[in-house]
Amino acid sequence: MRDIGAPSWLTKPHKFVGATPPTQWRRPIVQIVVRDNNVEQALRALKKKMQREGLFREMKARQAFEKPSEKKARQRAEAVRRARKLARKRAQREGIV
């Protein structure tokens, strides 16, 4: 009888071209240290780290399918927003605004 263990794609090294890598290759899990049993402070730190890494945005995006045309429009709008913010910061640094 054959031993049914881990699948071969987990045990053998592969190059995943265009596919999502196995979970063990993804970035590490966020860790928060709870000091003096202060859970509220640890939760605030966790939320801040999750916000900084964009997890809330990713969870919201994965709730429902986004059509490719909607995705392009969203990415275009984000690029415009980033460009405007950069121009605003540059103008403020140069003393125009």
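Residues numbered from 1 in each chain as written. Predicted model: local features only at pLDDT ≥ 70, side-chain atom pairs only at ≥ 80, totals over all residues. Heavy atoms only, no water.

Visitor: I'd like a rundown of the overall build of the protein, residues and numbers included.
Guide: Within the protein one finds four helices and zero strands. Reading the secondary structure of the protein in the N-to-C direction produces α-α-α-α. Out of the 97 residues in the protein, the part that is buried amounts to 5%. When the accessible surface of the protein is summed, it comes to about 9,800 Å², and 54% of that surface belongs to carbon and sulfur atoms. (Helix = DSSP H or I, 4+ residues; strand = E, 2+ residues; numbered from the N terminus. Buried < 20%, exposed > 50% of the residue type's maximum accessible area, 1.4 Å probe, protein only. Areas by Shrake-Rupley, 256 points an atom, 1.4 Å probe, with all protein chains shown as cover.)

Visitor: So what's going on with helix H2 (residues 39-53)? Which residues, and what values?
Guide: Here H2 is 15 residues long and its end C-alpha atoms lie 21 Å apart, about the 21 Å a rise of 1.5 Å per residue gives. Of the residues trailing H2, Gly 54 is marked for its positive phi of about 80°. (Expected span 1.5 Å × (residues − 1).)

Visitor: Give a detailed account of helix H4 (residues 68-94), specifying residues and quantitative values.
Guide: Compared with an ideal rise of 1.5 Å per residue, which puts 27 residues at 39 Å, H4 spans 39 Å between its outermost C-alpha atoms and is within 8% of the ideal. Where H4 terminates, the next one or two residues include Gly 95, which has phi positive at roughly 85°.

Visitor: Report on the confidence of the model for the protein, specifying residues and quantitative values.
Guide: Residues at a pLDDT of 70 or more form 70% of the protein, whose mean pLDDT is 82. Here helix H1 (residues 8-11) is the element of the protein with the lowest mean pLDDT, 60, and H4 is the one with the highest, 95. (pLDDT = per-residue confidence, 0-100.)

Visitor: Explain the layout of surface pockets residue by residue, including any values.
Guide: In this structure, the second largest pocket spans a volume of roughly 200 Å³. Taken together, Gly 54, Arg 57, Glu 58, Lys 60, Ala 61, Glu 66, Arg 74 and Glu 78 make up the full set of residues lining the second largest pocket. When residues of the lining of the second largest pocket are traced back to their parent elements, those giving at least two are helix H3 (55-61) and H4. Per element, the largest residue contribution to the lining of the second largest pocket is four residues, and it comes from H3. Its residues placed into classes, the lining of the second largest pocket shows one nonpolar, one polar and six charged. (1 Å grid on protein atoms, 1.4 Å probe; cavity = no way out; pocket = protein on both sides within 12 Å on 5 of 7 lines; lining within 4 Å. Points joined across faces, edges and corners; volume = space filled by probe spheres on them. Nonpolar A, V, L, I, M, F, W, Y, C, P; charged D, E, K, R; others polar.)

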